[in-house]
Number of protein chains: 2
Amino acid sequence: MSLAPADMLCFSLYGAQQAMQAAYKPLLDPLGLTYPQYLVLSALWIDDGQSVGALGTTLGLDTNTLTPLLKRMQAAGLVDRRRDAVDERSVRVTLTDRGRALEAQAETVRRGFLKATGLSPDQAAALRDRIADLRATLTASTTAPRC
Amino acid sequence: MSLAPADMLCFSLYGAQQAMQAAYKPLLDPLGLTYPQYLVLSALWIDDGQSVGALGTTLGLDTNTLTPLLKRMQAAGLVDRRRDAVDERSVRVTLTDRGRALEAQAETVRRGFLKATGLSPDQAAALRDRIADLRATLTASTTAPRC
DNA sequence: TCGGACTATATCGCGCGCGACTGAAACGCA
DNA sequence: TGCGTTTCAGTCGCGCGCGATATAGTCCGA
């Protein structure tokens, strides 16, 4: 009557995410980055100087995860954290020269990961959209279980 | 030149896995289980008395994760851990009555999660297979990067 | 303008994952 | 038989995620 982990949608997701991070490891280790740190940089390369909260919205993380993570990145010399002069509540996260310079390596990382997936760019985009849809549905059903 | 997290396949996976665990939370909290603990039980419901290593192969986890996890489950009265009488190196993990009894709730959990995905069983199975393929490819490319 | 509500970030505790290492038991071969 | 090798589990350290809580800054209405 029970289902084996391997037959569950949830487990495929769980395992694929771990395999994804494992695949990134050899690509990111030379840069001294963890995967979540790479995500933060990716967000800042698009839009530097975001607040902690804005980063959290982009990445789906709360400050309890982001604050220590950003402090480690600051200690590594990748970003600066400074209180906003206008609104002292918010903290602006900006790239250092070192953080900005890593963008030059990003293309190599992306190509390496795409190669590891064995997918064409179109296939990868299609699967990405399917999974993103699943995420959206799950999030919606969790945050608003009524109706 | 850079890609936003939302446009990356890896990020959709990362976010979907978090949304998946969040969707499971209201289903598993009443049972006093975390998601990895639910996976362990699922594996034991199929095949009770597995060794720690066998569980690790099934779930893609090593003993550094499993041993503390299983100890917590033992403390919660869900499983027993006993050295194999024949081979004293391996540890057999067996369900307690309490752990076995939870299988009765599993169907409710499964239905609740499927509903949260908004997918039909066929759609869920199809997506599961696609994601499992991705996982297999990623794992293969990571463990054997030569050739 | 003053006080309460709201907002943004930070802190704490705990459960994973995982790399690196340790130690004990079983195996295999000289 | 004895010793090196292999196998299995456990331990340690650290970086996430996240629920719960704290604190400081801002806003808004009486």
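Okay, so let's go over this structure. This one's a predicted model, so the numbers in the text were calculated from it and none came from an experiment.

## Regarding the overall build of chain A
- Counting secondary structure elements, chain A contains 7 helices and 2 strands.
- For chain A, the succession of helices and strands along the chain, N to C, is α-α-α-α-β-β-α-α-α.
- Residues counted as buried form 33% of the 147 residues belonging to chain A.

## Examining the relation of the copies chain B and chain A
- Rotating chain B by 180° and moving it 0.0 Å along the rotation axis overlays it on chain A with an RMSD of 0.0 Å. One copy is carried onto the other by what is essentially a two-fold rotation axis.
- In this assembly, 100% of the residues forming the interface of chain B have copies in chain A that are likewise at the interface, indicating an isologous arrangement.

## Digging into the protein's contact with DNA strand C
- In the vicinity of DNA strand C there are 25 residues, among which A:Ser51, A:Gly53, A:Asn64, A:Ser90 and B:Asn64 approach most closely.
- Within the residue set of the surface near DNA strand C, elements represented by two or more residues are helix 1 (9-28), helix 3 (52-59) and helix 4 (63-75) of chain A together with helix 2 (35-46) and helix 4 (63-75) of chain B.
- It is helix 4 of chain B that provides the largest number of residues to the surface near DNA strand C, a total of 4 residues.
- Residue classes in the surface near DNA strand C are distributed as 6 nonpolar, 12 polar and 7 charged.

## Observations regarding the interface of chain B and chain A
- Counting residues at the interface gives 47 residues for chain B, matched by 47 residues for chain A.
- Elements with a contribution of two residues or more to the side of chain B that touches chain A: helix 1 (9-28), helix 2, helix 3 (52-59), helix 6 (103-117) and helix 7 (121-143) of chain B.
- Per-element accounting of the side of chain B that touches chain A gives the leading share, 15 residues, to helix 1 of chain B.
- Of the residues in the side of chain B that touches chain A, the class split is 28 nonpolar, 14 polar and 5 charged.

## Regarding the nonpolar core
- The biggest cluster of nonpolar side chains holds 69 residues, and the ones touching the most others in it are A:Cys10, A:Leu13, A:Met20, B:Cys10, B:Leu13, B:Met20 and B:Val40.
- With 11 residues, the top contributor of residues to this core is helix 1 of chain A.

## Regarding the protein's contact with DNA strand D
- Near DNA strand D, the surroundings consist of 25 residues, among which A:Asn64, A:Glu88, B:Ser51, B:Gly53 and B:Asn64 are the closest.
- Residue assignment for the surface near DNA strand D shows that the elements contributing at least two residues are helix 2 (35-46) and helix 4 of chain A together with helix 1, helix 3 and helix 4 of chain B.
- The biggest single contributor to the surface near DNA strand D is helix 4 of chain A, with 4 residues.
- Within the surface near DNA strand D, the residues separate by chemical class into 6 nonpolar, 12 polar and 7 charged.

## Digging into the pairing of strand 2 (residues 91-95) of chain A
Residue and element names in this part refer to chain A.
- Along strand 2, the buried face is formed by Val91, Val93 and Leu95; none of Arg92 and Thr94, which line the opposite face, is buried.
- As paired elements, strand 1 (residues 79-83) and strand 2 share 5 bridges and run antiparallel to each other. Bridge pairing links arginine 82 to arginine 92 in strand 2.

## Points about the environment of A:Ala126
- With respect to the helices and strands, A:Ala126 occurs in helix 7 (residues 121-143).
- Taking the C-alpha atoms as reference points, A:Ala126 and A:Arg111, 15 residues apart in sequence, are found 17 Å from one another.

## A closer look at helix 4 of chain B
All names here are of chain B.
- Relative to the 18 Å expected for 13 residues at 1.5 Å per residue, helix 4 spans 17 Å between its end C-alpha atoms, a close match to the ideal helical length.
- Every buried residue belonging to helix 4 is among Leu66, Leu69, Leu70 and Met73, and all of these are buried. The arc that holds the buried residues of helix 4, viewed along the axis, is 100°, so those residues lie on one side. For helix 4, the exposed residues set more than 90 degrees away from the buried face come down to Asn64, Pro68, Lys71 and Ala75.

## A short note on the environment of A:Asp48
All names here are of chain A.
- Inspection of the secondary structure puts aspartate 48 in the loop between helix 2 and helix 3.
- Judged by the 14 C-beta atoms lying within 10 Å of it, aspartate 48 falls in the partly exposed class.
- Sequence separation between aspartate 48 and leucine 127 is 79 residues; the distance between their C-alpha atoms is 29 Å.
- Excluding anything up to four places from it in sequence, aspartate 48 contacts Thr94 and Leu95.

Rules behind the numbers
Residues numbered from 1 in each chain as written. Chains lettered and ligands numbered in written order. Predicted model: local features only at pLDDT ≥ 70, side-chain atom pairs only at ≥ 80, totals over all residues. Helix = DSSP H or I, 4+ residues; strand = E, 2+ residues; numbered from the N terminus. Buried ≥ 20, exposed ≤ 12 C-beta atoms within 10 Å, placed from the backbone. Least-squares fit on C-alpha atoms with pLDDT ≥ 70 in both. Contact = placed C-beta atoms within 7 Å. Near = placed C-beta within 6 Å. Nonpolar A, V, L, I, M, F, W, Y, C, P; charged D, E, K, R; others polar. Core = buried A, V, L, I, M, F, W, Y, C linked by C-beta atoms within 7 Å. Pairing = 2+ DSSP bridges. Expected span 1.5 Å × (residues − 1). Arc of directions from axis to C-beta.

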